[in-house]
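# Residue-level structural notes
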Amino acid sequence: MKKFLSVLLSATLVLSLAACGSSKPASAPAEEGEGAAAEEELTLGFIVGSREHVFYNLIEEGIMNASKELGFKAIVLDGELDSNVTSDHINNLVAQGVDAIALSCNDPGGTTPAMEAADKEGIPVFTFDCTSEVTDVVKCFVGTDNVEGGRLGGQETVRLAEAGQTVGIINFDEPQSCIDRRTGWEEVVKASDKQFNIIDIGNYEGDAAKAEQLMSDALSKNNNDISVVFAVGDPAATGALAAIKAAGASTKVIGFDGNPEAKAAILDAENGKYWVSEISQNPQEIGKQISQNMMDYLKNGSVAEAKIMIAPYIITAENAAE
């Protein structure tokens, strides 16, 4: 009898434990709020132009701030201003299954095929700073109004140079953004009644050292007689400044980006004699807005605007400290 009762009690205990274990099946829905963040978190891939450029680091800063505010996971990669590297990053992001991709399309010809391949895989593609005009897969572009920025650079050139003097431009022939800056600058400078001698100093290819060499060569060819140089990016302005100082010239520099080193140079007692003006962008805002539009598209299937242009502005010693 005792043995029977012992067996009965054991069986009852097992059934009781089983009942406790099944009180919340594994397939039961989570409590309200439980696991919701993990289920809803989106992963967005970003490819900046080059982390060697402060401007792109500031865009990345804007992206990372937006990821905290908007609640998405950000994967940020360095395109190294190389279409092959950028295309590989796009393909790898597709393989990782990200929800959307945004890139600085510095070389549209080389990068567009990978962008279109991502779109075919159902991953929406966005661009910032530089975009591609040869494809319709881009859902939204956020960047500076670079033609207007070039015009501002042209206005500063006209202000700083005397009639008939030699003025030049250090350009970057591949990115559409820099092509637009050159277009705006030439529009204003060529239309000026000061009738400048306009020279093309060359393509610095995003390399400050190359910009320094180009500027040094131009100064040598022109007997240091270049009144103003417009640089389509701050690395070019940095290189130009070094060459001008080394040559003992008095050329004035107009940069483009609005990076911290540009403001510091303008405010510096020595460097401010040469680097006197800057066309400023707002890279953190670019990072924030491209992130916001990616999230809007993923949640709503559309964006409010396909192209968002952020107005540039002029920085001189009068407002560089602001």
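Structure report, in brief. Within each chain, residue numbers correspond to sequence positions counted from 1 in written order. Local features in this predicted model are restricted to residues of pLDDT 70 or higher, and side-chain atom pairs are both shown and tallied only at a pLDDT of 80 or more, whereas totals for entire chains, interfaces and linings draw on every residue. As a rule here, side-chain values come from all non-hydrogen atoms in the structure, and water together with hydrogens is ignored.

## Section: a negative patch on the surface
A surface patch of like charges, here negative, comprises Glu52, Glu80, Asp82, Asp88 and Asp207. Each helix corresponds to a stretch of at least 4 residues labelled H or I by DSSP, and each strand to a stretch of at least 2 residues labelled E; elements are numbered beginning at the N terminus. Note on placement: Glu52 falls in the loop between strand E1 (42-48) and helix H3 (54-70). Working definition: with a 1.4 Å probe on protein chains only, accessible area under 20% of the residue-type maximum means buried, over 50% means exposed, and in between means partly exposed. Taking relative accessible area as the criterion, Glu52 reaches 75% and is therefore assigned exposed. A patch consists of residues exposed above 30% relative accessible area that lack any salt bridge, with like charges linked at up to 9 Å and nonpolar side chains (Val, Leu, Ile, Met, Phe, Trp, Tyr) linked at up to 5 Å. Reported accessibility uses the Shrake-Rupley method at a 1.4 Å probe radius. Residues are deemed covered only where the shown protein chains occlude them. Definition used for salt bridges: Asp or Glu carboxyl oxygen within 4 Å of a side-chain nitrogen of Lys or Arg. Lys and Arg are tallied as positive, Asp and Glu as negative. Neither His nor the chain termini are counted. Charge positions come from single atoms, namely NZ of Lys, CZ of Arg, CG of Asp or CD of Glu.

## With respect to the packing of aromatic side chains
Geometry of aromatic contacts follows a simple scheme: Phe, Tyr and Trp rings, the Trp one being its six-membered ring, pair when their centres are within 6.5 Å, and the pair is stacked under 30 degrees between planes, edge-to-face over 60, tilted otherwise. This model, assessed by the stated rule, comprises 6 aromatic pairs. Ring centres 5.8 Å apart and planes at 80° place the aromatic pair Phe126 and Tyr297 in the edge-to-face group. Highlighted residues: Phe126 in strand E4 (residues 125-128) and Tyr297 in helix H11 (residues 283-300), separated in sequence by 171 residues. Seen in terms of ring centroids, Trp185 and Phe230 are 6.0 Å apart; in terms of plane orientation they differ by 10°. Their pairing is stacked. Of the two residues, Trp185 is situated in helix H7 (residues 176-191) and Phe230 in strand E8 (residues 228-231); the sequence distance between them amounts to 45 residues. Feature note: the residues Trp185, Phe230 and Phe256 constitute an aromatic cluster, connected by ring pairs.

## Let's talk about the environment of Ala237
Inspection of the secondary structure puts Ala237 in helix H9 (residues 234-247). Its relative accessible area of 0% is what places Ala237 among the buried residues. For the pair Ala237 and Trp275, spaced 38 residues apart in the sequence, the C-alpha separation amounts to 7.9 Å. Residues within four places of Ala237 in sequence aside, it is in contact with Ala231, Val253, Gly255 and Trp275. Contacts are assigned to residue pairs that have any heavy atoms within 4.5 Å of one another.

## A word on the sheet that holds strand E9 (residues 252-257)
Strands are treated as partners if at least two bridges between them are detected by DSSP. Sheet architecture is open: 6 strands sit in the order E7-E6-E8-E9-E10-E12, paired in mixed fashion. Looking at strand neighbours, the two that pair on one side only are strand E7 (197-203) and strand E12 (313-315), the edges of this open sheet. Within this sheet the neighbouring strands show an average axis-to-axis angle of 20°, counted without direction. One ladder, built from 3 bridges, connects E8 with E9; its direction is parallel. Note on E9: the bridge partner recorded for Val228 is Lys252. The sheet strands contacting H9 are strand E6 (166-171), E8, E9 and strand E10 (275-280), and the helix crosses E9 at an angle near 160°. Interaxial angles span 0 to 180 degrees and are taken between N-to-C directions of axes, which are lines fitted to C-alpha atoms, for helices over the stretch in contact.

## Considering the side chain of Thr86
Within the fold, Thr86 resides in helix H4 (residues 83-96). For Thr86, a relative accessible area of 7% translates into the label buried.

## Considering empty space enclosed by the protein
Residues are said to line a cavity or pocket when one of their atoms sits within 4 Å of a point; the points come from a 1 Å grid over protein atoms alone, cavities being sets where a 1.4 Å probe fits but cannot get out and pockets being open sets with protein on both sides within 12 Å along at least five of seven lines. Grid points are joined across faces, edges and corners, and a volume is the space filled by probe spheres set on the points. The full count for this structure, using the stated rule, is 1 cavity of 30 Å³ or more. If you add up the space inside the largest cavity, you get close to 130 Å³. What lines the largest cavity is a set of 18 residues, among which His53, Tyr56, Cys178, Arg181 and Tyr204 lie closest to the centre. Mapped by element, the contributors of at least two residues to the lining of the largest cavity are H3 and H7. Residues belonging to the lining of the largest cavity are distributed by class as follows: 10 nonpolar, 5 polar and 3 charged. Polar here means any residue outside two lists: the nonpolar Ala, Val, Leu, Ile, Met, Phe, Trp, Tyr, Cys and Pro, and the charged Asp, Glu, Lys and Arg; Gly therefore counts as polar.

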